[in-house]
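Coordinates in review
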Amino acid sequence: MKLLGSGTSGAKIILTGEHAVVYGIPAIAIPFNGVMTTVNIYKTEEEITIDSRFYKGLYQDATQIISGLKSLIKKLIKEFNLDDYGYHFEIISDIEPQRGMGSSAALSVATVKAFYNAFNIKLSNDKLIELAMFAEKIHHSNPSGLDVYTLVYEKPVWFIRDEGFKTFDINLDAHLVIIDTNLMSQTRTSVEAVKKMRTSSPKLITKIFDEISLVSCKAKEALKNNDLKTLNKLIAINQKLLKELNVSSEIIETTISRAKTLGMTSMKLTGGGIGGCVIGFTNDLAVIDKLSKYFRNVWVTNMGGLNEG
Ligand code: MEV
């Protein structure tokens, strides 16, 4: 088997505005490269095969669980005018699936990059976004695009659906702490639940979305102005609003309470919710040490390092 090319993608963390972003409310997300997905494409003399955590075997028999990837590969094979034969796709990833870290978007981005790399074709960011969004629409029916834009631009992103996005520089002397609840998040289900609530309780949803919008606006300023105290207050407000949207859960609330007893000021869920990860900010290394000892999976990233390069 000959390696033709590879593509990689890091993960993303939504700081504020998830769910509301689907309906045009501003959201903030940052890239997180502490975990990565790599897709390798090999040339073979056999039927197309896939080797991933969820599926190993013939491409044509691939299950529902990787339907986005399967459709994306089919589309790329067609676009590149390739034979429907003679390739092996290897997916290596330490982005935990369904944790709100954008594992599905990362897989789509890495797959597109791998194809363009394998066949030596220049890939623009716009084309990468277009193709990754094609797969994201299969993963969940109405994606805002926030995940894909953040992974493609690899910068902190201020995002308003259909209006566009801006990358911006963060100036925050603190660490972002990510704690895994070790329960799968359920983006498709929670996005559908918010959609239903929007129909059944439109006034309540408008009120919640307006407040989330304010949280994102103020959080952007806090992130730019090294204002950890305000940011922590906004994180608490955003979590309260996400709870009102019914996308939090017992495990999320328990994880946040426990983290607070260990010294975190506030935390919130990130991404789709129900399970997944919770996030918060601190500059207290002793607190980080306690969290790392108590919880099974904790990631820490220095926000000060985000704008380098
Ligand atoms: C999922 O990572 C974030 C949501 O806001 C959905 C989306 O933006 O498409 C829940």
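What comes next concerns the included structure. (Residues numbered from 1 in each chain as written. Predicted model: local features only at pLDDT ≥ 70, side-chain atom pairs only at ≥ 80, totals over all residues. Heavy atoms only, no water.)

**Quick notes on helix α2 (residues 103-118)**
Heads up, the rule is: Starting at the N terminus, helices and strands are each numbered in turn, a helix being any DSSP run of H or I of at least four residues and a strand any DSSP run of E of at least two. What a helix is expected to span follows from its residue count: subtract one and scale by 1.5 Å. When accessible area is computed with a 1.4 Å probe and restricted to protein chains, residues below 20% of their type maximum are described as buried, those above 50% as exposed, and intermediate ones as partly exposed. The contact criterion used throughout is that any non-hydrogen atoms of two residues lie within 4.5 Å.
Compared with the 22 Å implied by 1.5 Å per residue over 16 residues, the 22 Å span of α2 between its first and last C-alpha is a close match. Among the 16 residues that make up α2, 12 are buried, leaving the element largely enclosed by the rest of the structure. Within the span of α2, buried status applies to Ala105, Ala106, Leu107, Ser108, Val109, Ala110, Thr111, Val112, Ala114, Phe115, Tyr116 and Ala118. Here the buried face of α2 lies against β1 (2-16), β2 (27-43), α1 (67-79), β5 (87-93), α3 (125-139) and α4 (146-153).

**Observations regarding the pattern of salt bridges**
Convention followed: Any carboxyl oxygen of Asp or Glu that lies within 4 Å of a side-chain nitrogen of Lys or Arg is treated as forming a salt bridge with it.
A complete count under the given rule lists 12 salt bridges for this structure. Between Arg53 and Glu96 there is a salt bridge, with the nearest N and O atoms lying 3.2 Å from each other. Remark: Glu96 occurs in the loop between β5 and α2 and Arg53 occurs in the loop between β3 (49-51) and β4 (56-58); sequence separation between them is 43 residues. Accessibility expressed as a relative area gives 51% for Arg53, which makes it exposed. A single network of salt bridges, built from pairs that share partners, joins Arg53, Glu96, Arg99 and Asp180.

**Considering the site of the ligand**
The line we're drawing: Throughout this document, a residue counts as near a molecule or strand when at least one of its heavy atoms sits within 4 Å of that molecule or strand. Nitrogen and oxygen atoms within 3.5 Å of one another constitute a polar contact, given that in protein one can donate a hydrogen and the other can accept it, and given that sequence-neighbouring residues count only through two side-chain atoms. What sets the accessible areas is the Shrake-Rupley method with a 1.4 Å probe; for residues, cover comes only from the shown protein chains. Charged means Asp, Glu, Lys or Arg here, nonpolar means Ala, Val, Leu, Ile, Met, Phe, Trp, Tyr, Cys or Pro, and polar covers whatever is left, Gly included.
Near the ligand, the surroundings consist of Lys12, Ile14, Glu18, His19, Val21, Val22, His140, Pro143, Ser144, Asp147, Gly271 and Gly272. Here Lys12 contributes a side-chain N or O atom positioned 2.8 Å from an oxygen atom of the ligand. Out of a free accessible area of 300 Å², the ligand has 96% covered by protein chains. Considering only residue class, the shell around the ligand consists of 4 nonpolar, 5 polar and 3 charged.

**Section: the pairing of strand β10 (residues 277-282)**
Convention followed: A pair of strands counts as paired when DSSP detects no fewer than two bridges linking them.
Taken across its 6 residues, β10 has 6 buried, putting it largely inside the fold. Covered by surrounding structure in β10 are Cys277, Ile279 and Phe281 together with Val278, Gly280 and Thr282, the residues of both alternating faces. Judged from the 2 bridges that link them, strand β9 (residues 268-269) and β10 form a sheet pairing that is antiparallel. Within β10, the residue paired with Leu269 across the bridge is Val278.

**Observations concerning the sheet that holds strand β11 (residues 298-302)**
Pairing within the open sheet is antiparallel, and its 4 strands lie in the order β9-β10-β8-β11. Two strands in the sheet have a free side with no partner beyond their single neighbour: β9 and β11.

**Some thoughts on the packing of aromatic side chains**
Worth spelling out the cut-off: Put simply, two rings from Phe, Tyr or Trp (the six-membered ring, in Trp's case) pair if the centres are within 6.5 Å, and we call them stacked under 30 degrees between planes, edge-to-face over 60, tilted for the rest. Charges are assigned to positions over rings by a cutoff of 6 Å between ring centre and Lys NZ or Arg CZ, combined with an angular limit of 35 degrees from the ring normal.
Per the stated rule, a full pass over the model turns up 12 aromatic pairs. Centroid distance Tyr23 to Phe209: 5.6 Å. Interplanar angle 25 degrees. Geometry classified as stacked. Of this pair, Tyr23 sits in the loop between β1 and β2 while Phe209 sits in helix α6 (residues 202-224), and the two are 186 residues apart along the sequence. Its relative accessible area of 6% is what places Phe209 among the buried residues. Taken together, the aromatic side chains of Phe80, Tyr87, Phe89, Phe115, Tyr116 and Phe119 make up a single cluster linked through ring pairs. Between the NZ or CZ atom of Lys70 and the centre of the ring of Tyr59, over which it lies, the distance is 5.8 Å. Note that Lys220 overlies the ring of Phe168, its terminal NZ or CZ placed 5.7 Å from the centroid.

The values reported here are purely geometric and, on their own, carry no functional implication.
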